[in-house]
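What the coordinates show
Letter by letter, the chains look like this.
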Amino acid sequence: MTKDQLMARDEAVAAFMDAFPCMSLFQLFELVDGLMALGRQAGRNGENLCNLANYEDKSDLIAKRVKTLLKKYELDDVKFKVGGDPRGYCLKIMLPNGRYNSWGGKEEGWGF
């Protein structure tokens, strides 16, 4: 990971720690690492949708993977969005405490 990616991960872990105080630090890092990877996949998917003529949208597959990851940590009720403009965040998690890192405010949630 680059220095910027490490800083982004640490910020996300701090935000998720406030939102989910019952999770261990190890679980939080594991969850955030998984969400960061899925966010990169969602970003590549968005770019490919914009740039490639016959590209098949994989947003549903990515959403299924996010749902599986959240279910692993018993966070079934957490809402999320996959997709959108690839110049911004393509995976957004709505934290129960309302924290956000995007221009859209708490309605847009924490972006990866």
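Right above here is the structure, for reference.
Note that the structure is a prediction, hence the values are computed from the model and not measured. (Residues numbered from 1 in each chain as written. Predicted model: local features only at pLDDT ≥ 70, side-chain atom pairs only at ≥ 80, totals over all residues. Heavy atoms only, no water.)

**Brief notes about the pairing of strand β2 (residues 91–94)**
Here β2 shows no split at all, with L91 and I93 on one side and K92 and M94 on the other all buried. Here strand β1 (residues 79–82) pairs with β2 via 4 bridges, running antiparallel. Residue pairing in the sheet places K79 in a bridge with M94 of β2. In this structure, β2 lies alongside strand β3 (residues 110–111), joined through 2 bridges in antiparallel fashion. Note that in β3 the partner of I93 across the bridge is W110. (Buried < 20%, exposed > 50% of the residue type's maximum accessible area, 1.4 Å probe, protein only. Helix = DSSP H or I, 4+ residues; strand = E, 2+ residues; numbered from the N terminus. Pairing = 2+ DSSP bridges.)

**Considering the packing of helix α2 (residues 25–51) against helix α3 (residues 59–72)**
Direction vectors running N to C along α2 and α3 enclose 175°, while the axes themselves pass 10 Å from each other. With respect to each other, α2 and α3 are oriented roughly antiparallel. Residues E30, L31, G34, L35, L38, Q41, A42 and N45 of α2 form the contact with α3, whose participating residues are S59, I62, R65, V66, L69, L70 and K72. Taken together, the residues of the contact of α2 with α3 sort by class into 8 nonpolar, 4 polar and 3 charged. (Axes fitted to C-alpha atoms, helices over the stretch in contact; angles between N-to-C directions. Parallel < 35°, antiparallel > 145°, perpendicular 65-115°, else oblique. Contact = heavy atoms within 4.5 Å. Nonpolar A, V, L, I, M, F, W, Y, C, P; charged D, E, K, R; others polar.)

**A few points about α2**
Taking 1.5 Å of rise per residue, the 27 residues of α2 would be expected to cover 39 Å, and the 39 Å separating its terminal C-alpha atoms lies within 8% of that figure. Among the residues of α2, those classed as buried are L28, L31, V32, L35, M36, L38, G39, A42, G43, N45 and G46. Looking at the packing, one finds that the buried side of α2 touches α1 (3–19), α3, β1 and β2. (Expected span 1.5 Å × (residues − 1).)

**Things to note about the side chain of S102**
Note that S102 resides in the loop between β2 and β3. In terms of polar contacts, S102 uses its side chain to reach the backbone carbonyl oxygen of G109, at 3.4 Å. If near-sequence neighbours (up to four positions away) are discounted, S102 is found in contact with Y89, E108 and G109. (Polar contact = N/O pair within 3.5 Å; in protein donor to acceptor, adjacent residues only side chain to side chain.)

Function cannot be inferred from these measures alone, as they are strictly geometric.
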